Amino acid sequence: MNKTITPDTGNLPKHIAIIMDGNGRWAKQKGMLRAFGHENGVKSVRETVEACAKLNIAYLTLYAFSTENWNRPKLEVDALMSILMNSLKKELPTMQKNNIRLNTIGNAHMLPEKARRQLFEVIEATKENTGMTLTLALSYGSREELVSAIKEICNEVQTNKIDIATINEATVQKHLYTHNIPDADLVIRTSGEQRISNFLLWQAAYAELYFTDVLWPDFREEDLHKAIFSYQKRERRFGKTSEQLK
Ligand code: IPE
Ligand code: IPE
Ligand code: MG
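All chains use their own residue numbering, which begins from 1 and follows the written sequence. Note on labels: chains are lettered from A, ligands numbered from 1, in written order. Where totals are concerned, whole chains, interfaces and linings use all residues; where local detail is concerned, this predicted model gives features only for residues with pLDDT of at least 70, and gives and counts side-chain atom pairs only at 80 or more. The basis for every side-chain value is the complete set of non-hydrogen atoms in the structure, without hydrogens or water.

Some points on the site of ligand 2
Neighbouring residues of ligand 2: I19, M20, D21, Y63, A64, F65, N69, R72, R189, R195 and S197. Each polar contact in these results corresponds to two N or O atoms within 3.5 Å; when the atoms are within protein, one needs to be able to donate a hydrogen and the other to accept it, and residues that are neighboring in sequence are counted only if both atoms are side-chain atoms. Note that an oxygen atom of ligand 2 is positioned 3.3 Å from one of the side-chain N or O atoms of R189. To measure how exposed things are, a 1.4 Å probe is used in the Shrake-Rupley method; for residues, cover is taken only from the protein chains shown. Calculation on ligand 2 without its partners gives an accessible area of 390 Å², and the protein chains cover 78% of this total. When atom positions are compared with the pocket grids, ligand 2 is found to occupy the largest pocket. Helix numbers and strand numbers start at the N terminus; a helix is a DSSP run of H or I with at least 4 residues, a strand a run of E with at least 2. Tallying contributions element by element places strand β2 (residues 59-66) first for the shell around ligand 2, with 3 residues. Three residue categories are used. Nonpolar comprises Ala, Val, Leu, Ile, Met, Phe, Trp, Tyr, Cys and Pro, charged comprises Asp, Glu, Lys and Arg, and polar comprises the others, including Gly. When the residues that make up the shell around ligand 2 are grouped by side-chain class, the tally is 5 nonpolar, 2 polar and 4 charged. Here a residue is considered near a molecule or strand provided that any single heavy atom belonging to it is located within 4 Å of it. A cavity here means a set of points on a 1 Å grid, drawn over the protein atoms and nothing else, where a 1.4 Å probe fits but cannot get out; a pocket is an open set with protein on both sides within 12 Å along at least five of seven lines, and a residue lines either one if it has an atom within 4 Å of a point. Any molecule with more than half of its atoms within 2 Å of a cavity's or pocket's grid points is counted as sitting in it.

Brief notes about the environment of A108
With respect to the helices and strands, A108 occurs in the loop between β3 (101-105) and α4 (113-125). Sequence-wise, A108 and Q194 are 86 residues apart; in three dimensions their C-alpha atoms are separated by 27 Å. Note on definitions: a residue-residue contact is assigned when non-hydrogen atoms from the two residues lie within 4.5 Å. Discounting chain neighbours no more than four positions away, the residues touching A108 are R116 and F120.

So, the sheet that holds strand β1 (residues 15-19)
A pair of strands is considered paired only if DSSP assigns at least 2 bridges between the two. The strand order β3-β4-β2-β1-β5-β6 describes an open sheet built from 6 strands, whose pairing is parallel. Each edge of the open sheet is held by one strand with a lone partner, namely β3 and β6 (208-211). Strand-to-strand twist across the sheet, computed as the mean angle between neighbouring axes with direction ignored, equals 20°. Here 4 bridges tie strand β5 (residues 186-189) to β6, and the two strands are oriented parallel to one another. Pairing of V187 across the sheet is with L209, part of β6. Running at roughly 160° to β2, helix α2 (residues 34-54) makes contact with β1, β2 and β4 (133-140) of the sheet. Helix α7 (residues 221-233) rests against β1, β5 and β6 of the sheet, and its axis sits at about 135° to β5. The angle between two axes is taken between their N-to-C directions and runs from 0 to 180 degrees, where each axis is a line fitted to C-alpha atoms and a helix contributes only its stretch in contact.

Observations concerning unusual backbone geometry
A positive phi angle, near 60°, is found at N160, a position not held by glycine. Within the secondary structure layout, N160 lies in the loop between α5 (142-158) and α6 (169-174). A positive phi angle, close to 50°, is found at F238, a residue other than glycine. When you line up the elements, F238 lands in the loop between α7 and α8 (242-245).

Concerning the nonpolar core
To form a nonpolar core, buried Ala, Val, Leu, Ile, Met, Phe, Trp, Tyr and Cys residues must be joined to one another through side-chain atoms within 4.5 Å. Accessibility here uses a 1.4 Å probe with only protein chains present; expressed as a share of the type maximum, an area under 20% marks a residue as buried, one over 50% as exposed, and anything in between as partly exposed. One finds I16, L60, L102, I188 and L224 to be the most contacted residues of the largest nonpolar core, which totals 41 residues. Residue assignment for this core shows that the elements contributing at least two residues are β1, α2, β2, α3 (74-97), α4, β4, β5 and α7. A total of 7 residues in this core trace back to one element, the largest contributor, which is α3. Aside from chain neighbours lying at most four places away, what touches I16 is C52, I57, Y59, L60, T61, L186, I188, L224 and I228. Grouped together as the second largest cluster of nonpolar side chains are 12 residues, A17, A137, V187 and F199 included.

With respect to the environment of I18
Note that I18 resides in strand β1. Measuring from C-alpha to C-alpha, the distance between I18 and L62 comes to 5.0 Å, with 44 residues separating the pair along the chain. In contact with I18, not counting residues within four places along its chain, are T48, L60, T61, L62, Y63, I188, F199 and W216.

Re the pairing of β4
For β4, a buried count of 8 out of 8 residues is recorded, marking the element as mostly surrounded by other parts of the structure. As judged from the 5 bridges shared by β3 and β4, these two strands associate in the parallel manner. By the bridge assignment for β4, N103 is matched with T135. The crossover handedness rule: strands pointing away from the viewer, path from first strand over the helix to second strand clockwise, crossover right-handed. For the crossover that starts at β3, traverses α4 and ends in the parallel β4, the hand is left-handed.

Below, the structure written as structure tokens:
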């Protein structure tokens, strides 16, 4: 059964970043608790990760938990942390099979000890893999990331490691959590919300944005393909004129 036509491999985004939204509403529609939505979002994660690996996407970044999400009810935060821990353990064989290297961005110190340990175990176990880099944004906030970069740069100035005059965009990039990841080419957000919610503010400066009404637990390979088709139809001008690109 051929569900969708596979996107043309000539013009694929190198880095896809996804704001996985709508788990709570999905559960509510079914008369269930929000955690049920989060549990069902795991299947979408697995399918998306495998679909991206199959297409040879080099970088996939998933926004799983924001700095602001710590303000949710404790019951929901606990449920999310335990889903995270269980899935990390369960998905390790899939990551190995697909040659995926796990990475994380965010303030890992905020995570419960057990979840953090599990996360770094999988990062360690997959560090030699040479395929797609899968980055989980966990306890991630772009503003916090920028504040942390600014502090590090100030420290280098104060200790005479660098001169203020030499600070440029590359300096900032070097101090972001994403220092080893290129800018996002395509940012997808599910659930119909059209906002960035403190995600990759610097790194998405020139990303193509794609919004879909599909709720995250319903997001499937064909939805990913639709986003990529849309991306492939766009002209990325980076400030130039269309004629200059010809
Ligand atoms: C996204 O789904 C998952 C996280 C933010 C952790 P939500 O939980 O935000 O679902 P909605 O937006 O309330 O439907
Ligand atoms: C953004 O979703 C964070 C993640 C998907 C992890 P939220 O549902 O938390 O965003 P807001 O609060 O609606 O902007
Ligand atoms: Mg939401």
